[in-house]
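Descriptive structure summary
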Amino acid sequence: MIELPVYHLTGLANYVTVWLVDILQIYHKAARHSLDKTPSARPARDDPLRPEGAGRRKGRKAMKAFLDEDFLLDTDTAKELYHGTAERMPILDYHCHVSPREIAEDQVFHNLTQLWLGGDHYKWRLMRANGTDEKYITGDASDFEKFQAWAAALERAVGNPLYHWSHLELRRYFGYEGHLTAANAGEVWEHCSRVIGDGMHVREILRKSDVTLLCTTDDPADSLEWHEKLAADDTLETRVLPAFRPDKAVNVEKPDFAGYIDRLSGASGIPVTGWESLTAALDARMDFFAARGCKVSDHGLDNLCFLPASEAELDGILKRRLAGEAVSRQEMWQYKSALLSFLARGYARRDWAMQLHFSAQRDNNRRMFRLLGPDTGYDCIGPGVNLPDLARFLSGLEESGELPRTVLYSLEPGDNAALVSLMGCFQSPGTAGRLQHGSAWWFNDHRLGMEAQLTNLAAGGLLGNFIGMLTDSRSFLSYTRHEYFRRILCGLLGRWTENGEFPDDRPALERLVADISYRNSIRYFGFEQYHLRGADTV
């Protein structure tokens, strides 16, 4: 056995100790690295002791702030087009459902629930999807309780356009920069209540939104008394015009049809007893609307089955229906085909544009329809447009030279390309984009839906002639939807430009943005006479 001197044993012990410490340090570092990669071992995001930025790998791209000034603008070109042109354009809302009476009386809203949740079935649907009791949606809960219920639903709405719209509205109208949750609903309510103060006026909202003109949605039997008052009001900065929506006269199969015809008779002064008197009454009402500035009509159609009929057949169908008899499916479509054709010819003579909204399947929940009525959140996307019959309808009008400027919308997104291709069959000299593919609508007015509509129109037609966005809304805070659309438009044009798919011709790009955002709609609907602000911008 070899004996080592004491100093050798001491040195060896020191060496082994140092070696063991090194091994333990290496092992400890490896273990820590492994634990850092394990999600369950990471510090909670709300840990007050966690340093700012802890847990991020070095060199990781900085996360964009929520809803910052460049929201949805993912290229430099998009940012320049939006901030340099689109952001500065006023708003023309050629199709909406706001009340002309509320504008005439300068309605005052006293809290967020009155502004946000009254009549907004978009929000009601999300609240029901969150399991909210109807008491907090359309029932008798307090305004604050309804707002709390909406906040609880909204924080679950990731990916839904309502999440973006709601927060854009909080920023643009109330200066609230955070995000709404169930936990901070009280704080947001108090913040917005301070901004609202004694009340937020409709006309103040229109001014803040820079709305130069809007078209409401009005029944032929409406007196238009509120429009007359608005036309005589020199203090109103926004031009408000009626739009002709004769759905109740078209829907011969509805239970309330005969009662509505009585209303139409009273409004027109022409007793409707058959086909001839019906068309005379509607003709008189079109004249009445035209005298009050109407330039736009609108139809909500589930679909179209174009069936011709003689005037004698139409007269018999109408008389039997007014007597309380039911009509067959064939008779219903014969009546609708003839009346839509008659109305379209009337629009053409008056130089109106015709909007056709297709493929909404309405009132699906019959129990809730009986409780709450129509337009309360129980509609859905219906079957796609019957394209051959729509083509026959348009062709019949074209044959007689009476096809008006027409905007085609479908709630079925699969109809986009087909409608764009059909439009190309009926364009004509004199009007750029006489037939239009309407903006992504209702269940499609989200980012993917808007981009699909824009790209389909660009691929099959002339995007530069598009008449742009509308709100289709009952809320006066919905004008941020125009901002949302314009950001998406600029994002798309920016990507095409930076990918080399369109030249970096800034004057041309700026004209496209200004036209699609605002100016094309002025020209298309014939609103030049009003000399609207911003019509010559860019």
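Higher on the page you've got the structure.
To start, this report covers the structure provided alongside it. (Residues numbered from 1 in each chain as written. Predicted model: local features only at pLDDT ≥ 70, side-chain atom pairs only at ≥ 80, totals over all residues. Heavy atoms only, no water.)

1. Some points on the packing of helix α15 (residues 329-349) against helix α17 (residues 387-399)
Two packed helices can be described by the angle between their axes and the distance between those axes. Closest axis-to-axis distance for the α15/α17 pair is 11 Å, and the angle between their directions is 45 degrees. As summarised for this structure, α15 and α17 are arranged oblique, according to the angle between their axes. Relative to α17, the crossing made by α15 is right-handed. Of the residues in α17, those touching α15 at Leu340, Ser341, Ala344 and Arg345 are Phe393, Gly396 and Leu397. Looking at the contact of α15 with α17 residue by residue, the classes come out as 4 nonpolar, 2 polar and 1 charged. (Axes fitted to C-alpha atoms, helices over the stretch in contact; angles between N-to-C directions. Helix = DSSP H or I, 4+ residues; strand = E, 2+ residues; numbered from the N terminus. Parallel < 35°, antiparallel > 145°, perpendicular 65-115°, else oblique. Left-handed = near helix turned anticlockwise from the far one by under 90°. Contact = heavy atoms within 4.5 Å. Nonpolar A, V, L, I, M, F, W, Y, C, P; charged D, E, K, R; others polar.)

2. Structural notes on the packing of aromatic side chains
As enumerated under the stated definition, the model contains 25 aromatic pairs in all. Look at Trp116 and Trp150: their rings are 6.5 Å apart centre to centre, the planes differ by 80 degrees, and that puts the pair in the edge-to-face class. On the criterion of sequence distance, the pair formed by Trp116 in helix α4 (residues 112-116) and Trp150 in helix α6 (residues 143-154) is long-range, its members being 34 residues apart. Take Trp116 and Trp150: they sit in the same class, and that class is buried. Taking 5.3 Å as the distance between ring centres and 50 degrees as the angle between the ring planes, the aromatic pair formed by Phe147 and Trp189 counts as tilted. Here Phe147 is found in helix α6, whereas its partner Trp189 is found in helix α8 (residues 185-196), with 42 residues between them in sequence. What makes Phe147 buried here is its relative accessible area of 0%. For Trp189, a relative accessible area of 13% corresponds to the buried category. (Phe/Tyr/Trp six-rings, centres within 6.5 Å; stacked < 30°, edge-to-face > 60°. Buried < 20%, exposed > 50% of the residue type's maximum accessible area, 1.4 Å probe, protein only.)

3. Quick look at the pairing of strand β6 (residues 296-301)
Burial of β6 is extensive: 6 of the 6 residues sit out of reach of the surface. The alternating pattern of β6 places Val296, Asp298 and Gly300 on one face and Ser297, His299 and Leu301 on the opposite face, and all of these are buried. As paired strands, β6 and strand β7 (residues 353-358) are joined by 6 bridges and run parallel to one another. Its bridge partner being in β7, Gly300 is matched across the sheet by His357. (Pairing = 2+ DSSP bridges.)

4. Regarding a positive patch on the surface
Where like charges cluster on the molecular surface, the positive patch consists of Lys254, Arg366, Arg367 and Arg370. Of note, Arg370 is situated in helix α16 (residues 366-372). (Patch = residues over 30% accessible without salt bridge, like charges linked within 9 Å, V, L, I, M, F, W, Y side chains within 5 Å. Areas by Shrake-Rupley, 256 points an atom, 1.4 Å probe, with all protein chains shown as cover. Salt bridge = Lys/Arg side-chain N within 4 Å of Asp/Glu carboxyl O. Lys, Arg positive; Asp, Glu negative; His and termini not counted. Charge placed at Lys NZ, Arg CZ, Asp CG, Glu CD.)

5. Here's the deal with the pattern of salt bridges
Going through the model one piece at a time under the given rule, you end up with 32 salt bridges. Note that Arg350 is salt-bridged to Asp283, the shortest N-O span being 3.0 Å. One end of the pair, Arg350, is in the loop between α15 and β7; the other, Asp283, is in helix α13 (residues 275-290), with 67 residues separating them in the sequence. Residue class for Arg350 comes out buried when judged on its relative accessible area of 16%. For Asp283, a relative accessible area of 24% gives the class partly exposed. With its nearest N and O atoms 2.5 Å apart, the salt bridge here joins Glu331 to Arg320. With a gap of 11 residues between them, Glu331 in helix α15 and Arg320 in helix α14 (residues 311-322) connect regions that are remote in the sequence. The structure contains a network of salt bridges with shared partners spanning Asp74, Arg447, Glu451 and Arg495.

Functional significance is not addressed by these values, which are geometric in nature.
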